[in-house]
Amino acid sequence: MYFTSTQRSLKKVFYGWWIVAAAWIQFLVCGGIAFYGFTTFFNPIADEFGWTAAQISFAFSLRSIEGGVLGPIIGFLIDKIGVRKVITFGMVLTGLGMILLSYTNSLLAFYGIFLLFSLGTSAGLANAQYVAAANWFHRKRSWAMAILSTGFGFSGVIGPVLVWLIGQYGWRQAAIIMGVVMWLVGIPLGLVFRHRPEPYGYLPDGEVSETIPPDGKTLDAVLTTKTSSAPATEFTARQAIVTRTFWMLVLFGLLTGFAQSAIFVHEMPYLTSVGISRQIAGWGILGITGSSIIGRLGFGWLGDRYDKRYLLAIGAALQCIGVLIFAGISSPWMLIPFLVFFGPGYASQIPLYPAIRADYFGLKQFATIGGLMSLGWTVCGILAPVLAGWVYDTWGDYRPIWLAYAITTAIGIPTVLWIKRQTK
């Protein structure tokens, strides 16, 4: 498929922005259900089966384990066959996993469905969309990633909707409805994606070049002359993983990811354990994602102008303060300062992390390197929710684990500042 000269006119909307729009809607609906909305199922499932917080949390750990194992493989497939096929396949599996959740009748089945669900989310949500944005934008890369990531920011509206659906129809029926919604929204939008702009006569950011052949082989040379921020060296995955920069970024993601992974799983059970109603806790999900929009857009805009390392450090500091406030929540009004700090703080990483990866390692194997770099989130995704559940099951209080996760976040601040641009 090639765009006509009319379609390539500068007066038309650059197709990269249509890709951003498709990703935004997928993140809003499908991401809201798959990530932020899952905490609404926590208590209903526990009440029906009598499972402990640690047992349910282990499903999220399994999702992280599988995501860590599959991350490099999916990254390789994205680089090899393109984002459209991977996203569409992921959307099919994610919706199927959600529907199968409604048929859960044992803990083993629950874990198995989560593994299928994880495969779908690993392929269909996040990495592939950011790869497309990285390929279609260069000077505006952080800004494009920030905009598409606000889909997740607005996805908090799914929380109250799920609370209402579960209250009206039960969690099983709600799961079926959400699975069908994922199919109806995610699959058609997956067909919008294109992997790179060169086959359609474009340069990143919407510049038009009639000299770029369909194979896009002259892209590197063109970028060198047309942009000033192109990476000095294009790294392969093998070259990237032996650099200090790669592992410092992994460590930063690990240290800051503990609090994120645990709070997104245990937000609702924690708030209800300190006397906050389930309805207000459901709106708390909207509050987290809504306040994160400030961080996504603000840090994304700043990321194209200032050193991303310092911006990531500022974001980690905001997250740390938010987690400390979260540990002391005893009434609904205390959610406000928590949201003010935690939402923008954790969200700073969403546009900046893939953008700094592209800056330091280039686009040659961007998705594969991203899959390998997900190791940090994999480890914290495995440990953090289960540890939080175990602490609550043992002491009847989540607060000690929140304080511990605030400390790990604080340690991440100097870690990201030590990162340096490297050459082969």
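Residues numbered from 1 in each chain as written. Predicted model: local features only at pLDDT ≥ 70, side-chain atom pairs only at ≥ 80, totals over all residues. Heavy atoms only, no water.

*Asks:* Help me understand the overall build of the chain, please; the structure alone is not making it clear to me.
*Replies:* Per the secondary structure count, the chain includes 19 helices and 0 strands. Taken across its 424 residues, the chain has 60% of its residues classed as buried. Restricting the contact set of the chain to residue pairs at least 6 apart, pairs at least 24 apart contribute 83%. Carbon and sulfur atoms make up 69% of the accessible area of the chain, which amounts to about 16400 Å² in all. (Helix = DSSP H or I, 4+ residues; strand = E, 2+ residues; numbered from the N terminus. Buried < 20%, exposed > 50% of the residue type's maximum accessible area, 1.4 Å probe, protein only. Contact = heavy atoms within 4.5 Å. Areas by Shrake-Rupley, 256 points an atom, 1.4 Å probe, with all protein chains shown as cover.)

*Asks:* Looking at this structure, I do not really get the confidence of the model for the chain. What am I missing?
*Replies:* Mean pLDDT over the chain works out to 83, with 89% of the residues at or above the 70 mark. By mean pLDDT, helix H10 (residues 219-226) is the weakest element of the chain at 42, and helix H14 (residues 308-327) is the strongest at 95. Low pLDDT (under 50) marks residues 1-10, which in the prediction has 20 contacts with non-local residues, meaning those over four places away or in another chain. Across residues 210-229, where pLDDT falls below 50, the model places 26 contacts with residues more than four positions away in sequence or in other chains. (pLDDT = per-residue confidence, 0-100.)

*Asks:* Sorry if this is basic, but what is going on with the nonpolar core here?
*Replies:* One recurring pattern in soluble globular proteins: nonpolar side chains tend to sit buried together. Counting residues in each nonpolar core, the largest one holds 110 residues, and the members touching the most others are Phe41, Met98, Phe110, Ile329, Phe338 and Trp402. Counting residues per element, this core draws most heavily on helix H1 (residues 15-34), at 11 residues. Those residues in contact with phenylalanine 338, other than ones at most four positions away along the chain, are Ile263, Ile288, Gly322, Ile325, Phe326, Ile329 and Gly343. One finds Met248, Tyr360, Phe361 and Ile369 within the second-largest nonpolar core, a separate group that totals 22 residues. (Core = buried A, V, L, I, M, F, W, Y, C linked by side-chain atoms within 4.5 Å.)

*Asks:* Whenever I open this one, the side chain of histidine 138 confuses me. Can you help?
*Replies:* As for its placement among the helices and strands, histidine 138 is situated in the loop between helix H6 (127-136) and helix H7 (141-154). Classification of histidine 138 as buried rests on a relative accessible area of 7%.

*Asks:* Just checking my understanding: could you explain the packing of aromatic side chains for this structure?
*Replies:* Between two aromatic rings, the relevant description is the distance of the centres plus the angle of the planes. In this structure the tally under the stated criterion is 32 aromatic pairs. Both rings, one in phenylalanine 49 and one in tryptophan 51, keep their centres 4.3 Å apart while their planes meet at 10°; by these two values the pair is stacked. Among the aromatic side chains, those forming a connected cluster through ring pairs are Phe258, Phe264, Tyr270, Phe326, Phe338, Phe342, Tyr346, Tyr392, Tyr398, Trp402 and Tyr405. The positively charged end of arginine 309 is found above the aromatic ring belonging to tyrosine 310, 5.2 Å away from the centroid. Lying over the aromatic face of phenylalanine 366, arginine 357 brings its terminal NZ or CZ to 4.0 Å of the ring centre. (Phe/Tyr/Trp six-rings, centres within 6.5 Å; stacked < 30°, edge-to-face > 60°. Lys NZ or Arg CZ within 6 Å of the ring centre and 35° of its normal.)

*Asks:* In this structure, what is going on with H6? I would like to understand it.
*Replies:* Working note: α-helix, 3.6 residues per turn, so residues spaced by three or four point in the same direction. Taken across its 10 residues, H6 has 10 buried, putting it largely inside the fold. Those residues of H6 that fall on the buried side of the exposure criterion are Asn127, Ala128, Gln129, Tyr130, Val131, Ala132, Ala133, Ala134, Asn135 and Trp136.

*Asks:* In this structure, what is going on with the environment of glycine 124? I would like to understand it.
*Replies:* With respect to the helices and strands, glycine 124 occurs in helix H5 (residues 107-124). The spacing of glycine 124 and leucine 93 is 31 residues in sequence and 8.5 Å in space, taken between C-alpha atoms. Residue contacts for glycine 124: discarding those within four places in its chain leaves Val86, Ile87, Gly90, Met91 and Gln129.

*Asks:* Could you clarify how one ought to interpret the side chain of threonine 94 in this entry?
*Replies:* Mapped onto the secondary structure, threonine 94 falls in helix H4 (residues 83-101). Every residue in contact with threonine 94, bar those within four places of it in the chain, is listed here: Phe117, Gly120, Thr121 and Met182.

*Asks:* Help me out: how do you make sense of the pattern of salt bridges in this one?
*Replies:* Opposite charge on two side chains lets them pair, provided their charged atoms get close. Applying the stated criterion across every chain, the model contains 6 salt bridges. Taking the shortest distance from any N to any O, the salt bridge between arginine 196 and glutamate 198 comes out at 2.5 Å. Here glutamate 198 falls in the buried class, since its relative accessible area comes to 2%. Here lysine 308 ties to aspartate 359 by a salt bridge, and the two come within 2.6 Å at their closest N and O atoms. With lysine 308 in helix H14 and aspartate 359 in helix H16 (residues 349-361), this residue pair connects regions lying 51 residues apart in the sequence. When sorted by exposure, lysine 308 lands in the same class as aspartate 359, which is buried. Shared partners join several salt bridges into a network, and the residues in it are Arg141, Lys308 and Asp359. (Salt bridge = Lys/Arg side-chain N within 4 Å of Asp/Glu carboxyl O.)

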